[in-house]
Amino acid sequence: MIQMANKRLEKLTQWIVSWLILQKEKEGVTIPYLADWQKELTQQWHQKGLPIRGHKEYRHTPFLPLLSQIAQEPSFNFPAQIAHKTLGNTPEAPFYCQWINGQIAQPKSHQLMKGVRLYHLSQLNTTQQEKVNAILQANKTYIRDTFQLLNSAFLQEGIWIDIADNTTCADPIWISQVISSQYPSMVHPWLLITVGRGSQVTMINTPPQAIQYPIWCNEQVQVSLDERAQLDYYYLPSRTPSTTHTTLVTQQAASEFYHYAHITDNTMLRHVLDVHLLASKSKAYLYGLYTGQAQQYQEMHAAAHHHAPATESHVQYRGIVGDHAQAVFYGNAIVYPDCSKSIAHQSHRGWPVSSHAHLHTYPQLNIKNDDVQCSHHATLQTLDPTALTYLQAKGITHQEATLMLVKAFLEEIPSYCKQKDVKKRSFKEIVDFLHIFLQKNTIFVPKM
């Protein structure tokens, strides 16, 4: 079932991209200094054997009429204040970058706060262009995912958030998207984040909030952490339409990357997190929580690449699916030669409640050095009959005891959340989800 879903998703992507390639060839590249970079990634995309317009499979897709209607309203006709009110789960934040219908809401490059500037890629001076181009050229060796290639090859405009050295941001930076177009849309947001030496910053990404309109969003985020830099990054997709989100992270010495994702009630979501620890004493902490019901599809990838000795990564994901929902988790820790004293731990616990739900987990360790500490843990959860009997012996009803045990299972991941507002939101969403979920799904209790 999962393989069939993956094949359908891949074929859909092929049809969409073949149409986009033709449109892109007509339009040309809009950011001249990135032309060579885009050309190379486009060639890599072509090498994957995608069907062209004359291909027999191309004629059978029902998406051509849909794509021909794509329209994006000018971002300046939809004020950012209205967008913030539309995002009911996003508080009024003074520091933010925002896309509206796939276009950048802020018309000009400007300072977000002291030490933090937001740039349009098309508005950079020569020195800034050279810096961005150097980062992208260095990162392109790590771009292997087809959706990353799709986003990069067809880049029209992007945002660069640059945090200067030794900057400490007291308030988080919110990254939000709003879809208000009356037509079905595809958007490709692209964001580059560079955190300077010794800086500390928190960012919260709330993916597309579609206002009654279908959308496919293919978002890419590239993060570059300098020495001793620290970034806490929160990814909070909730009730979004079809979305692919790819985050590529490169870390220098003694840097720290903390990532927290809470994935709930998404029609179809593919979340890829690819972290490269390039220098010693760099650390990455990757936490994820997902819930699925109805016929939703969630796919999570979390990979930590240890390129230097004495690096450290911790990956911990947990989730529950019911009804006819599907979820897949791919975890990978790669320790390259000459990377002794490295630590790599990964853990995934999934709970398929319904007999029709599908949950697959693929933990991998690729270790090429003997002097390391590495482990992986992957289990499929069931309701503990001993714990259930104990709670019922205390006078708690079967329904209340079941709710307590499932809630405790899910709440372990939010307990690691460092941002109080996000932690509070996660706990609330777990309660709201279980209120409906447990009415529709009967949880199997194994015999003691």
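Criteria and cut-off values
- Residues numbered from 1 in each chain as written.
- Predicted model: local features only at pLDDT ≥ 70, side-chain atom pairs only at ≥ 80, totals over all residues.
- Heavy atoms only, no water.
- Helix = DSSP H or I, 4+ residues; strand = E, 2+ residues; numbered from the N terminus.
- Buried < 20%, exposed > 50% of the residue type's maximum accessible area, 1.4 Å probe, protein only.
- Contact = heavy atoms within 4.5 Å.
- Core = buried A, V, L, I, M, F, W, Y, C linked by side-chain atoms within 4.5 Å.
- Salt bridge = Lys/Arg side-chain N within 4 Å of Asp/Glu carboxyl O.
- Phe/Tyr/Trp six-rings, centres within 6.5 Å; stacked < 30°, edge-to-face > 60°.
- Lys NZ or Arg CZ within 6 Å of the ring centre and 35° of its normal.
- Pairing = 2+ DSSP bridges.
- Axes fitted to C-alpha atoms, helices over the stretch in contact; angles between N-to-C directions.
- Parallel < 35°, antiparallel > 145°, perpendicular 65-115°, else oblique.
- Left-handed = near helix turned anticlockwise from the far one by under 90°.
- Nonpolar A, V, L, I, M, F, W, Y, C, P; charged D, E, K, R; others polar.
- pLDDT = per-residue confidence, 0-100.
- Polar contact = N/O pair within 3.5 Å; in protein donor to acceptor, adjacent residues only side chain to side chain.

Undergrad: Looking at this structure, I do not really get the overall build of the chain. What am I missing?
TA: Counting its secondary structure elements, the chain contains 9 helices and 21 strands. Each of the 448 residues in the chain was classed as buried or not, and the buried ones make up 55%. If you take every contact in the chain between residues at least 6 apart in sequence, the share linking residues at least 24 apart comes to 86%.

Undergrad: What should I look at first to understand the nonpolar core in this one?
TA: Inside soluble globular proteins, nonpolar side chains tend to come together where they are buried. Within the largest apolar cluster, 46 residues are counted, with the highest numbers of intra-cluster contacts made by Ile193, Met203, Leu231, Tyr233 and Phe257. The element best represented in this core is strand E14 (residues 268-277), accounting for 4 residues. One finds Ile204, Tyr285, Leu289 and Ile430 within the second-largest nonpolar core, a separate group that totals 28 residues.

Undergrad: Which parts of the structure should I look at to understand the pattern of salt bridges?
TA: In a structure, side chains of opposite charge can pair up when their charged atoms sit close to one another. As enumerated under the stated definition, the model contains 11 salt bridges in all. With a closest N to O distance of 2.8 Å, Lys407 and Glu411 form a salt bridge. Taken together, the residues span about one helical turn, with Lys407 and Glu411 both in helix H8 (residues 398-411) at a distance of 4 residues. On the accessibility criterion, Lys407 (27% relative accessible area) is partly exposed. Counted as one network, the salt bridges with shared partners bring together Asp165, Arg197, Asp226 and Glu227.

Undergrad: Explain unusual backbone geometry here, please?
TA: Note: most residues except glycine have negative phi, and most peptide bonds are trans. For Asn166, which is not glycine, the phi torsion reads 55° and is therefore positive. With respect to the secondary-structure elements, Asn166 resides in the loop between strand E5 (159-163) and strand E6 (173-179). Residues other than glycine seldom take positive phi values, yet Asp338 does so here, at roughly 65°. Mapped onto the fold, Asp338 is located in the loop between strand E18 (326-335) and strand E19 (343-352).

Undergrad: Before we go on, may I ask you to explain the packing of aromatic side chains in this structure?
TA: Two numbers describe a pair of aromatic rings. These are the distance of the centres and the angle of the planes. Under the counting rule described, the total for this entry stands at 9 aromatic pairs. Where Phe433 meets Phe437, the ring centres are 4.8 Å apart and the plane angle is 25°; that geometry is what we call stacked. Residue Phe433 and its partner Phe437 are located together in helix H9 (residues 420-440), separated by 4 residues, close to a single helical turn. Given the relative accessible area of 0%, Phe437 is considered buried. Among the aromatic residues, ring-to-ring pairing joins Tyr234, Tyr258, Tyr260, Tyr287 and Tyr416 into one connected group. The side chain of Lys418 reaches across the aromatic face of Tyr258, ending 4.9 Å from its centre.

Undergrad: What is the right way to look at the pairing of strand E13 (residues 256-264) in this model?
TA: Regular strands place side chains that alternate from one sheet face to the opposite one. Burial of E13 is extensive: 8 of the 9 residues sit out of reach of the surface. Bridging between strand E11 (residues 230-235) and E13 involves 6 bridges; their strand directions are parallel. Within E13, the position partnered with Tyr235 by the bridge is Ala261. Inspection of the sheet shows E13 paired to strand E15 (residues 283-292) by 9 bridges, in the parallel sense. The residue of E15 that forms the bridge with Thr264 is Thr291.

Undergrad: Mind showing me how you'd approach the packing of H8 against H9 here?
TA: When two helices pack together, their arrangement is given by the angle between the helix axes and by the axis-to-axis distance. One can describe the packing of H8 onto H9 by two numbers: an axis separation of 11 Å at closest approach and a directional angle of 140°. The angle between the axes of H8 and H9 places the two elements in the oblique class. Of the two elements, H8 crosses H9, and the hand of that crossing is right-handed. Where H8 approaches H9, its residues Leu403, Val406, Lys407, Leu410 and Glu411 are matched on the opposing element by Phe427, Ile430, Val431, Leu434 and Leu438. Across the contact of H8 with H9, the residue classes tally to 8 nonpolar, no polar and 2 charged.

Undergrad: Please clarify how the environment of Asp36 should be interpreted in this entry.
TA: Mapped onto the elements of the fold, Asp36 is located in helix H2 (residues 35-46). Under the relative-accessibility criterion, Asp36 is labelled exposed at 61%. Expressed as a C-alpha distance, the spacing of Asp36 and Gln137, which sit 101 residues apart in the sequence, is 9.9 Å.

Undergrad: Would you explain the packing of helix H7 (residues 385-393) against H8 in this entry?
TA: Where H7 contacts H8, the axes come no closer than 9 Å and their chain directions differ by 130°. As summarised for this structure, H7 and H8 are arranged oblique, according to the angle between their axes. The two elements H7 and H8 cross, and the hand of that crossing is right-handed. For the pair H7 and H8, the contacting residues are Ala387, Leu388, Leu391 and Gln392 in the first and His398, Ala401, Thr402, Met404 and Leu405 in the second. Classifying every residue of the contact of H7 with H8 by side-chain character gives 6 nonpolar, 3 polar and no charged.

Undergrad: I tried to follow the confidence of the model for the chain on my own but got confused; where do I start?
TA: When pLDDT drops low, the exact placement of atoms in the prediction is not to be read closely. Here the chain averages 78 in pLDDT, and 73% of its residues register 70 or above. Averaged pLDDT values for the elements of the chain fall to 31 in helix H3 (residues 63-67) and rise to 96 in E11. Ignoring residues within four places in sequence, the model shows residues 50-93, a span with pLDDT below 50, making 76 contacts including any to other chains.

Undergrad: Looking at this model, I keep getting lost on the side chain of Asp232. Mind explaining?
TA: Relative to the helices and strands, Asp232 resides in strand E11. Side-chain polar atoms of Asp232 contact the side chain of Lys418, separated by 3.2 Å. Setting aside residues no more than four positions away along its own chain, Asp232 makes contact with Val201, Thr202, Met203, Tyr258 and Lys418.

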